[in-house]
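Secondary and tertiary structure notes
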Amino acid sequence: HISTDEVFGHLGPNDPAFSENTPYAPRSPYSASKAASDHLVRAYFHTFGLPVTISNCSNNYGPFHFPEKLIPLAITNIIEGKKIPVYGDGMQVRDWLFVEDHCEAIDLIVQKGKIGETYCIGGNAEKTNMEIVKKILELLNQGEEMIEYVKDRLGHDRRYAIDFSKINSELGWQPRTSFEDGMKQTVDWYKTNENWWRDVKSGE
């Protein structure tokens, strides 16, 4: 069962990262539904012995990322000559995980993870939304005049972070893709796959 770090709520600037022992404290309908699904999966394990594992991951990015999300929206907007909308002050912090690293972690958990256990999967790349946007502008040779600040969205948690030491120590996993390399690969993919994302954004 693949879940999210959002089930744990949010963190202050100096709080320790989420781990498998962090109490659940979802703060939006989306994260509450994900927390409920985690509890259902555990209930089936404890009641019926269903062979399950659960993983809670940080924000993914990379090829085929749906264009409404921050990174692909920013990249595709710039390619289209549009500004990048940034919620609030842009200082929300997320831990970013390259999608192929996440896939490797899922495969490892399926193959070698302990039944009934939970594993947190993080990218070791805490960045503010503004840092993300500025990196995309740099990679596409654009200036900060392409940023457009918009009203913050409801229930927008300030910070998430993942401690992935359990999956590292027990299964030997750690992210292989640095934030710099992952962003370059992602920007290059959107530059060379315009047909895909243009059809998605247009609704075709």
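None of the values given here were measured: they were computed from a predicted structure.

Section: the pattern of salt bridges
- This model, assessed by the stated rule, comprises twelve salt bridges.
- Between E68 and K69 there is a salt bridge, with its nearest N and O atoms 3.8 Å apart.
- Judged by its relative accessible area of 54%, E68 falls in the exposed class.
- A salt bridge links R158 to D89; its shortest N-O distance comes to 2.8 Å. Here R158, found in the loop between strand 8 (147–150) and helix 5 (165–171), pairs with D89, found in the loop between strand 4 (84–87) and strand 5 (93–98); they are 69 residues apart in sequence, far enough to count as distant.

Here's the deal with the packing of helix 2 (residues 70–79) against helix 7 (residues 194–202)
- Interaxial distance between helix 2 and helix 7 falls to 12 Å at its minimum, and their mutual angle equals 100°. The angle between helix 2 and helix 7 places the two elements in the roughly perpendicular class. On helix 7, the residues that touch L73, T76, N77 and I79 of helix 2 are E194, W197, R198 and K201.

Comments concerning the environment of F48
- If you trace the backbone, F48 turns up in helix 1 (residues 29–48).
- On the basis of relative accessible area, F48 is assigned to the exposed category, the value being 62%.
- Put simply, F48 and D188 are 140 residues apart on the chain and 47 Å apart in space, counted from C-alpha to C-alpha.

Cut-offs applied
- Residues numbered from 1 in each chain as written.
- Predicted model: local features only at pLDDT ≥ 70, side-chain atom pairs only at ≥ 80, totals over all residues.
- Heavy atoms only, no water.
- Salt bridge = Lys/Arg side-chain N within 4 Å of Asp/Glu carboxyl O.
- Buried < 20%, exposed > 50% of the residue type's maximum accessible area, 1.4 Å probe, protein only.
- Helix = DSSP H or I, 4+ residues; strand = E, 2+ residues; numbered from the N terminus.
- Axes fitted to C-alpha atoms, helices over the stretch in contact; angles between N-to-C directions.
- Parallel < 35°, antiparallel > 145°, perpendicular 65-115°, else oblique.
- Contact = heavy atoms within 4.5 Å.

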